[in-house]
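Survey of secondary and tertiary structure
Listed below are the residues making up each chain.
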Amino acid sequence: RIDRQGPVLSVSAPPAGALVSTSSVTVAGSAGDATILTINGVPVPPGAGGAFSATVLLAEGTNPVSLVARDAAGNQSTLTHPIVVDSLPPVLTLSSPVSGTCLAAGSSLEVAGRVSDAHPRMPGAPDGPSVSATLTPPVGSPTTLTATPDASGAFSSTLPLAEGNDGAATLLVTATDALGNVA
């Protein structure tokens, strides 16, 4: 029998397009009948049945992890397996309110702006950032609302101002991405 087929390469973990927040990840899978396997140019000895597992260093952004397997007959197979590192917080810009805005007690405060995340999501990856706005009055309990940004990243939410709360209030707006990075 003449072997003209390269080894069958597959990655079982992490899934293609995985979104991680770490600078390294363990890549595991099978290299079929490979006798030689490299991951990003680093030799990885295949185990029984071609099983492999190796720690791969990653950089911020999309990392095309390259696997190359060769069998005893010299046939070669390649596989590129993307993994995305996102360790950066989203970018949050407020358009409303402006600093020092004065409002009457019993009215409401519109909180609006735009949020964006550094890395586009691969199909099936978690959703983009969420926004939380907390208004802390001079007296009483804080009020927190969440806003869901639209496809362009724009968001808007309205916070009520309680009667009898004259004085300076504090507004804290945060954006959190799918991996918990906070801006």
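Conventions and cut-offs
Residues numbered from 1 in each chain as written. Predicted model: local features only at pLDDT ≥ 70, side-chain atom pairs only at ≥ 80, totals over all residues. Heavy atoms only, no water. Helix = DSSP H or I, 4+ residues; strand = E, 2+ residues; numbered from the N terminus. Pairing = 2+ DSSP bridges. Axes fitted to C-alpha atoms, helices over the stretch in contact; angles between N-to-C directions. Buried < 20%, exposed > 50% of the residue type's maximum accessible area, 1.4 Å probe, protein only. 1 Å grid on protein atoms, 1.4 Å probe; cavity = no way out; pocket = protein on both sides within 12 Å on 5 of 7 lines; lining within 4 Å. Points joined across faces, edges and corners; volume = space filled by probe spheres on them. Nonpolar A, V, L, I, M, F, W, Y, C, P; charged D, E, K, R; others polar. Lys, Arg positive; Asp, Glu negative; His and termini not counted. Salt bridge = Lys/Arg side-chain N within 4 Å of Asp/Glu carboxyl O. Polar contact = N/O pair within 3.5 Å; in protein donor to acceptor, adjacent residues only side chain to side chain. Contact = heavy atoms within 4.5 Å.

Quick word on the environment of Gly164
Considering the arrangement of structural elements, one finds Gly164 in the loop between strand S13 (154-160) and strand S14 (170-176). Sequence-wise, Gly164 and Asn63 are 101 residues apart; in three dimensions their C-alpha atoms are separated by 55 Å.

Some points on the sheet that holds S13
Strand order across the open sheet formed by 3 strands is S9-S10-S13, with antiparallel pairing between neighbours. Of all the strands in the sheet, just strand S9 (91-96) and S13 have a single pairing partner and so form its edges. Taking the axes of each pair of neighbouring strands and ignoring which way they run, one obtains an average angle of 30 degrees across the sheet. With 7 bridges joining them, strand S10 (residues 108-116) and S13 adopt antiparallel strand pairing. By the bridge assignment for S13, Arg114 is matched with Ala154.

Points about unusual backbone geometry
Geometrically, the link from Ala13 to Pro14 is a cis peptide bond, its omega value of -10 degrees lying close to zero. Inspection of the secondary structure puts Pro14 in the loop between strand S1 (10-13) and strand S2 (18-20). In this model, Ser96 is joined to Pro97 through a cis peptide bond whose omega is 5 degrees. Relative to the elements of secondary structure, Pro97 occurs in the loop between S9 and S10. For Asn40, which is not a glycine, the phi torsion comes out positive at approximately 50 degrees. Inspection of the secondary structure puts Asn40 in the loop between strand S4 (34-39) and strand S5 (42-43). Residue Asn40 is classed as partly exposed on the basis of its relative accessible area of 37%.

Here we look at the layout of surface pockets
One way to see where empty space is left: roll a probe the size of a water molecule over the atoms. Within this model, the largest pocket holds a volume of roughly 530 Å³. What lines the largest pocket is a set of 25 residues, and nearest its centre among them are Thr101, Leu109, Leu135, Leu161 and Ala169. The residue inventory of the lining of the largest pocket, partitioned by class, reads 16 nonpolar, 8 polar and 1 charged.

Here we look at the side chain of Asp71
You can see Asp71 is positioned in strand S7 (residues 61-71). One buried charged residue, Asp71, forms no salt bridge at all, with the nearest opposite charge on Arg70 at 7.1 Å. Within the structure, the side chain of Asp71 is placed 3.1 Å from the backbone nitrogen of Ala73, a separation counted as a polar contact. Setting aside residues up to four positions removed in sequence, Asp71 forms contacts with Asp3, Gln5, Gly6, Pro7, Asp33, Ala34 and Thr35.

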